[in-house]
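# Per-entry structural report
The primary structure of each chain is shown beneath.
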Amino acid sequence: MTKRNILIVGAGIGGLSAAIALGREGHSVTLIERDPEWSVYGVGIIQQSNVVRAMDQLGVLDTFLDAAFGFDAVEVFLPDGTKVARVPSPRLVEGRPSNVGISRRALQKVLADQASACGATVRLGLTVTALDDDGQGVDATFSDASTGRYDLVIGADGVYSQLRGMILPEAESPQFTGQAVWRYNFPRPAELDALQVYNGPTGVGLVPMSAELMYMYVTTPEPDNPRYPLDGIAAAMRGKLANCSAAIRALGEQIIDDAGVVYRPLEGMLVTGPWHKGRIGLLGDAVHATTPHLGQGAGMAIEDGIVLADELGRHDSVEEALKAYRDRRYERCAYIVNASLAICMGQLGKGPPVDNHKATGEMFAVVAQPI
């Protein structure tokens, strides 16, 4: 297998996963990240059975699980708090949990430590200012005026990907859904041993992420796409729970720290055409940004990196490898984007209501398939 010199733009979950997968195959990897602090907001993230499998493939499963809270089911509730289903999820790694909740900061540390152990160089506070692909390699110029030449450049730089704009200017753009998500951390009750999902126009989820902590996510209609000031945002989040069950409203009374609230408008996007041009390719949210209703945004990005590394090992040509990677990933990622958006639109009354019990079970079956 040809060993290549690879630049990854964006050191988030997808970029770090790709760096690990490529480094394990012997490629030389440089990661650049525009944020000089490499900051991650302090709430959690759901990682489901396919991610547990992927972490095993990346060689970090033990460290990952040590930093997380494992669980094997999703509980579905009506808006009034009535539990209507407990949906088991398949274990894809024998003896390990189906799913986990984990702090985003803890996840970044697990991946960053492994990327460094696999030989990746990480440069912070840096962006690309120019890329020149001459067919034999890509000359990159960086924001500090340094340069480098690479066999392959990967854009893992998020929903507003700079690299997507550079190589695929006519590709689909992110679209605001009319909904937003709010997140906040709480002490975890001992009885919370599964992801709990509350349906309704205001969707709520409770996710265990350690022995001590859980986080709440709340999806709300925000048709005018407002920007909430930090001052008073905790009270604003509490107010969004007014029509939820009594138990959720009571829990919401603990939302008092403005700095602890993470608010984000929800946008979606799927690039339906090529995911590369020449020797420059894209992964993760740069090509398939999904709403969080199925909890699979990060999972799809992690799988992208593993498949990309695999296809580079199968093909002598970088361009053939990039095409094969997209061909393997498109259907699966499109399913997640579209199924998640359908739940979002159902909650907003812009489409038929989606049965979360059925949708969750279907999603588990889909992601259990090999990547």
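That block above? That's the structure.
The sections below set out a description of the structure shown in this document. (Residues numbered from 1 in each chain as written. Predicted model: local features only at pLDDT ≥ 70, side-chain atom pairs only at ≥ 80, totals over all residues. Heavy atoms only, no water.)

A few words now on the side chain of E267. Within the secondary structure layout, E267 lies in strand β17 (residues 262-270). At a separation of 2.4 Å, a polar atom in the side chain of E267 contacts the side chain of Y160. Apart from residues no more than four positions distant in its own chain, E267 is found in contact with V159, Y160, P174, Q175, F176, T177, A289, T290 and T291. (Helix = DSSP H or I, 4+ residues; strand = E, 2+ residues; numbered from the N terminus. Polar contact = N/O pair within 3.5 Å; in protein donor to acceptor, adjacent residues only side chain to side chain. Contact = heavy atoms within 4.5 Å.)

Across all of its chains, the model carries 8 aromatic pairs by this definition. Each ring, one from W182 and one from Y263, has its centre 4.6 Å from the other, and the planes form 65 degrees; the classification is edge-to-face. Here Y263 lies in strand β17 and W182 lies in strand β13 (residues 175-187), a separation of 81 residues in the sequence. Summarising the burial analysis for this pair, W182 and Y263 share the class buried. A ring pair is formed by W275 and Y325, whose centres lie 5.8 Å apart and whose planes are at 65 degrees; its orientation type is edge-to-face. Remark: Y325 occurs in helix α10 (residues 318-348) and W275 occurs in the loop between β17 and β18 (276-277); sequence separation between them is 50 residues. For the pair W275 and Y325, a shared accessibility class is recorded, and that class is buried. A network of ring pairs unites the aromatic residues W182, Y228 and Y263 as a single cluster. (Phe/Tyr/Trp six-rings, centres within 6.5 Å; stacked < 30°, edge-to-face > 60°. Buried < 20%, exposed > 50% of the residue type's maximum accessible area, 1.4 Å probe, protein only.)

Let us look at the pairing of strand β9 (residues 128-133). Where β9 and strand β10 (residues 138-142) come together, 5 bridges link them in antiparallel fashion. Among the inter-strand pairings, L131 is bridged to a residue of β10, identified as A140. Adjacent in sequence and paired antiparallel, β9 and β10 are bridged by 4 residues, among which G135 carries a positive phi angle near 90 degrees. (Pairing = 2+ DSSP bridges.)

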